[in-house]
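Report on the structure
One-letter residues, chain by chain:
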Amino acid sequence: MLKIENLTATVGEAEEAKQIINGLTLEVPAGEVHAIMGPNGAGKSTLSYVLTGRSGYEVTGGSATLNGDDILEMDPEERAAKGMFLSFQYPVEIPGVPVMTFVRTAMNSQRKLRGEDEISAPDFIKKSREIAKQLKLDAEMLKRPVNVGFSGGEKKRLEIYQMMMLEPRFLILDETDSGLDIDALKTVAEGVNAMRSPERGMLVITHYQRLLDYIKPDKVHVLAAGRIVKTGGPDLAHRLEAEGYDGVLGEAV
Amino acid sequence: MDCCGGTDEHEDDCTEVTVKEGIDAKTVEAAKALESENYSAGFSTEIETEYSPKGLSEDTIRFISAKKEEPEWLLEWRLAAYRRWLTMEEPTWAKVRYDPIDYQEYYYYAAPKSGAKYESIDDVPKEILETYEKLGIPLREAEVLLGVEGAAETAATAREAPRVAVDAVFDSVSVATTFRKELEKAGVIFMSISEAVREYPELVKKYLGTVVPQSDNYFATLNSAVFSDGTFVYVPKGVRCPMELSTYFRMNAENTGQFERTLIVCDEGAYVSYLEGCTAPMRDENQLHAAVVELVALDDAEIKYSTVQNWWPGDEDGKGGIYNFVTKRGDCRGPRSKISWTQVETGSAVTWKYPSCILRGDDSVGEFYSIAVTNGRQQADTGTKMIHLGKRTKSRIISKGISAGKSDNTYRGLVSINKRAEKARNFTQCDSLLIGGRCGAHTVPYVENRRADAQLEHEATTTKLSEDQLFYARQRGLGEEQAVALLVNGFVREVLQELPMEFAVEAQKLLEVSLEGSVG
């Protein structure tokens, strides 16, 4: 389970640093899917970067643990090896590095950090083939450089492909629905739903309720000004859709 | 035109080194071994060395020539070069800085005393073989050296399983030549240039200095006067050389300027792929290195010349390290001939090197694929010249410069389209990658075009290793160093693909080692 307590964090260097996360507390037990919704600038993406250890984001207070391990002191790759996975809002292009090479290098690096053996080439290829089929990804696409020349939808599907390949313990989906048409959204959601399991927790960050029609959350949290200001069941997402953040937050603040 | 990159910011977070999974586990182990010692090639072998008198004079040249039992014409050739050199001035146009070289402080000839010629591998001093072993780099070389016993195998089996023949240059004298018998069967001559002068004087005389004339430039003229040894290759008409030929140059004796001379001639319709790899031991004094490589491709012939260079770049403060002033040029003398240069340059303190092609024959093709890495305080000024003389000649330049640390990396290139070169074409792509904020990348492309129907394309990019890319890779589980290595490998992929397979593995390993500690 992911446990965040009274977390505060800043973005930017020294004097320029700005506090974005302001005493955030949140628990996502294994097996549950929680959605985080909130207006622009609420700190949604910052939260995902703080949890995954991006440089430039500094934790100034509070704690965050994954299955009891303090993750805030770890390097990004150590967190990844512990099972933390972030599906990026804007997946990054890596020229000259084929998808398969990238994912296999990542997988073996994680395994090494965990003291496990490397995956054999045939096992890797078999697994990759099955997942690609499930996500309707063209095998040729996996031979191309990571995200280079991919459409928005392809990039998001590739994020899910990586997620399914790496089998993380905890997933953060950052605005995975942005830039997707309805068919791509369904495919992506199917992939995510296939990952649901009693051992795995998920944090789904989104602007819109639409994604939550396909990935049904156990809980919905509203993030505003760097804190969780409201928590409810799936119906909260519908209320936000109907009344807007102002309507719902007006009553919360 | 001069476009420069380089910024002032500076980040300092240190992360421990994680090992990268490259092509296979062995590579990782080898790289690890290299990383742990930082530069494991930094040692010198203790064997007795015979020197020429210190400094440069006509006497030194006579000494070298006599040692090599050279014919009179070659001595005269050397002396003529020396006299010309005395009238020349050291070039200063390259974007490199170094302390003035005192040419009288060098030894111009050093040979292992226990003998210059070896009948078999058993006769090679143990220390020399151990040097090779310690390097770790020529792993396959040990294999090849072992193969000496089986050198009686036929050329036919060699064709089935491609192998590499090695002409090992230890300081100034060639000490081990393998696979020679097989090559002889194919009619390929592959030997040290000193031997070739004795055994095939007419061939050497016919081609020596015809691509890089004595008067070419300061360092080439110096080389012509004092060249110690090097490689000679002749591939006869219509012969496809049955294996890749390889020379490992080693500089060993202290204060020995090394002056190799390589001459490769591919007769009509012939093909050869030549690999050159270099490492040198650690030194306090700067070692001067001024080689000359001449390639001649006659009608329909093709020469592929690949280099991996990782000479000692000097210590963290830039002390020591090799001065690498090389003149490499290929002459596509016959129609439809092709010369392709591929280089991976990671070493030396100062590099001044422009492997070039003279596209003389109609429809001839010249290619230049380059990866130049500078780290620490290294300086590299490298590029190519494509001289289009013949009709419908084509050239292609792909240059990838990577700068890290406080280094400076310059691409300098010339594409020249002569009046006669109708419908000539060139494509040039120069990409620079900056790692950290204290290095520099510079691109200096010159174009001289005297034809309206020429097609010239030039693309250039300068990018900084992006924080986004690094984080993305690390979020997936790659360590920082490993992420850098992967990104860099992606950046240079087009060029790596041009290298022969086993060289590509070595090159990848070298890139990683050279860029160690470059982030942060």
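Residues numbered from 1 in each chain as written. Chains lettered and ligands numbered in written order. Predicted model: local features only at pLDDT ≥ 70, side-chain atom pairs only at ≥ 80, totals over all residues. Heavy atoms only, no water.

1. Section: the interface of chain B and chain A
In this complex, chain B contributes 22 residues to the contact, which on the side of chain A involves 36 residues. Counting the surface lost from both chain B and chain A, the interface buries some 2,400 Å², and carbon and sulfur atoms represent 58% of this. There are four salt bridges connecting chain B and chain A. Arg476 of chain B serves as the salt-bridge partner of Glu159 of chain A, at 2.6 Å between the closest nitrogen and oxygen. (Contact = heavy atoms within 4.5 Å. Buried area = accessible area lost by both parts, 1.4 Å probe. Salt bridge = Lys/Arg side-chain N within 4 Å of Asp/Glu carboxyl O.)

2. Here we look at the pattern of salt bridges
Taken as a whole and assessed by the stated rule, the structure comprises 31 salt bridges over all chains. With its nearest N and O atoms 2.3 Å apart, the salt bridge here joins Lys127 of chain A to Glu167 of chain A. Here Lys127 of chain A, found in helix α4 (residues 121-134), pairs with Glu167 of chain A, found in the loop between α5 (152-166) and β9 (170-174); they are 40 residues apart in sequence, far enough to count as distant. For Lys127 of chain A, a relative accessible area of 18% corresponds to the buried category. Its salt-bridge partner being Arg392 of chain B, residue Asp363 of chain B comes within 2.9 Å of it at the nearest N-O pair. Residue Asp363 of chain B is located in the loop between β17 (356-359) and β18 (365-374), and its partner Arg392 of chain B is located in the loop between β19 (379-388) and β20 (394-403); the two are separated by 29 residues in the primary sequence. The class for Asp363 of chain B is partly exposed, based on a relative accessible area of 28%. When salt bridges that share partners are traced, they join Asp75 and Glu77 of chain A together with Arg474 and Glu480 of chain B into one network. (Helix = DSSP H or I, 4+ residues; strand = E, 2+ residues; numbered from the N terminus. Buried < 20%, exposed > 50% of the residue type's maximum accessible area, 1.4 Å probe, protein only.)

3. As for the UniProt feature "domain: ABC transporter" (unreviewed entry) in chain A
The feature "domain: ABC transporter" (unreviewed entry), as annotated in UniProt, sits at residues 2-250 of chain A in this numbering. Each end of residues 2-250 of chain A is marked by a C-alpha atom, and these two atoms are 29 Å apart; helix forms 38% of the span and strand 29%. (UniProt positions renumbered as here; feature names shortened; annotations may be inferred.)

4. A few points about the pairing of β17 of chain B
All names here are of chain B. Alternating positions in β17 separate into two faces, Ser356 and Ile358 on one and Cys357 and Leu359 on the other, with burial throughout. Direction of pairing for strand β14 (residues 322-332) relative to β17: parallel, over a ladder of four bridges. Directly across from Asp331, in β17, lies its bridge partner Ile358. Judged from the three bridges that link them, β17 and β19 form a sheet pairing that is parallel. Among the inter-strand pairings, Cys357 is bridged to a residue of β19, identified as Met386. (Pairing = 2+ DSSP bridges.)

5. Notes on the packing of α4 of chain A against α5 of chain A
For any two helices packed against each other, one specifies the inter-axial angle together with the distance between the axes. Residues and elements named next belong to chain A. At a closest axis distance of 10 Å, the pairing of α4 and α5 adopts a crossing angle of 135°. Comparing their axes, α5 and α4 come out oblique. Classified by chirality, the crossing of α5 by α4 is right-handed. In this structure, α4 contributes Phe124, Lys127, Ser128, Ile131, Ala132 and Gln134 to the contact, and α5 contributes Tyr161, Met164 and Met165. (Axes fitted to C-alpha atoms, helices over the stretch in contact; angles between N-to-C directions. Parallel < 35°, antiparallel > 145°, perpendicular 65-115°, else oblique. Left-handed = near helix turned anticlockwise from the far one by under 90°.)

6. Focus: the side chain of Asp177 of chain A
Residues and elements named next belong to chain A. Of note, Asp177 is situated in the loop between β9 and α6 (182-195). Side-chain polar atoms of Asp177 contact the side chain of Thr206, separated by 3.0 Å. Residues contacting Asp177, with those up to four places away along its chain left out, are Leu185, Thr206, Tyr208, Arg210 and Leu211. (Polar contact = N/O pair within 3.5 Å; in protein donor to acceptor, adjacent residues only side chain to side chain.)

7. Some points on the UniProt feature "domain: SUF system FeS cluster assembly SufBD N-terminal" (unreviewed entry) in chain B
Here the UniProt-annotated "domain: SUF system FeS cluster assembly SufBD N-terminal" (unreviewed entry) positions come out as residues 184-241 of chain B. Regarding residues 184-241 of chain B, the helix share stands at 45% and the strand share at 16%, and the terminal C-alpha atoms are separated by 10 Å.

8. Some details on the sheet that holds strand β2 (residues 18-28) of chain A
All names here are of chain A. Strand order in the open sheet formed by four strands is β2-β1-β4-β5, and the pairing between neighbours is antiparallel. Of all strands in the sheet, those bounded by a partner on one side alone are β2 and β5 (69-70). As defined by bridge partners, strand β4 (residues 57-66) adjoins β5 across two bridges and the pair is classed as antiparallel. Within β5, the position partnered with Thr65 by the bridge is Asp70. Strand contacts of helix α1 (residues 44-52): β1 (2-11), β2 and β4, with the helix running at about 105° to β1, the strand carrying the most contacts.

9. A word on the confidence of the model for chain A
On average, residues of chain A carry a pLDDT of 92, and 99% of them reach 70 or more. At the level of individual helices and strands, chain A shows its lowest average pLDDT in helix α8 (residues 235-252) of chain A, which scores 82, and its highest in strand β6 (residues 84-87) of chain A, which scores 97. (pLDDT = per-residue confidence, 0-100.)

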